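Examining the three-dimensional arrangement
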Amino acid sequence: MKRILAVLAALILAVFALTACSDNNDSSDNDSADHDGMAMTSMSMTSMPTSMSMPSMPLGMSTPGASSMGIVISGFEYSTPESVMPGQVLTIQNNDTVEHSVTSDTAGLFNEDIEAGETETITVPNEPGTYTFHCTYHPSMRGTLTVK
């Protein structure tokens, strides 16, 4: 998500820079010569979209009809959705500057390492219930997933 926003910001800045540098004379021709004699095409901001929309599907949504966000790690804490659907593929976003894990307290259910600034996924257990998990690198980090 951050990468998409960074690319969009760079694109918008480039358009502004090109528009600011273009020759703004009154000729009906779209091409004008710059100071070195090279042709430049002027760009009009009226041809640019006035608003950009981001995808409406929240982070972690992989099952139609689900209303939960994924797990977000920030400030050495887990933020989890209120509940998830059985078997749902859940996105984990690590916003910290160090590696973390999402490791089920029940051996073998799920165990995913997430590098700093990266995103991974886990598949939620198929059985409804409450599942506790922790970070293997930082034992004080604990979270709970409720599968309904």
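Above this text sits the structure in question.
Here we summarise the structure given alongside this text. (Residues numbered from 1 in each chain as written. Predicted model: local features only at pLDDT ≥ 70, side-chain atom pairs only at ≥ 80, totals over all residues. Heavy atoms only, no water.)

1. Section: the overall build of the protein
- Helix and strand counts for the protein come out as one helix and 10 strands.
- Shown N-terminal to C-terminal, the secondary structure of the protein runs as helices and strands in the order α-β-β-β-β-β-β-β-β-β-β.
- Of all intrachain contacts in the protein linking residues separated by at least 6 positions in sequence, the fraction that spans at least 24 positions is 46%.
- Carbon and sulfur atoms make up 56% of the accessible area of the protein, which totals about 9,700 Å². (Helix = DSSP H or I, 4+ residues; strand = E, 2+ residues; numbered from the N terminus. Contact = heavy atoms within 4.5 Å. Areas by Shrake-Rupley, 256 points an atom, 1.4 Å probe, with all protein chains shown as cover.)

2. A few points about the sheet that holds strand 6 (residues 100–104)
- The four strands lie next to each other as 7-6-9-10, forming an open sheet whose pairing is antiparallel. Edge positions in the sheet fall to strand 7 (111–114) and strand 10 (142–147), since each of these pairs with one other strand and no more. Neighbour-to-neighbour, the strand axes of this sheet turn through a mean angle of 25°, independent of strand direction. (Pairing = 2+ DSSP bridges. Axes fitted to C-alpha atoms, helices over the stretch in contact; angles between N-to-C directions.)

3. Looking at the sheet that holds strand 5 (residues 89–94)
- Taken in spatial order, the four strands make up an open sheet running 4-3-5-8, and their pairing is mixed. Single-partner strands in this sheet number two, and they are strand 4 (77–79) and strand 8 (119–123). Adjacent strand axes in the sheet meet at a mean angle of 25° when their direction is disregarded.

4. Considerations on the pattern of salt bridges
- In total, this model carries one salt bridge according to the counting rule given.
- In this structure, the salt-bridge partner of arginine 142 is aspartate 105, at a minimum N-O distance of 2.4 Å. Linking arginine 142 in strand 10 with aspartate 105 in the loop between strand 6 and strand 7, this pair joins segments that are 37 residues apart in sequence.
- By relative accessible area, aspartate 105 is classed as partly exposed at 31%. (Salt bridge = Lys/Arg side-chain N within 4 Å of Asp/Glu carboxyl O. Buried < 20%, exposed > 50% of the residue type's maximum accessible area, 1.4 Å probe, protein only.)

Remember that the coordinates give geometry; whether it matters functionally is a separate question.
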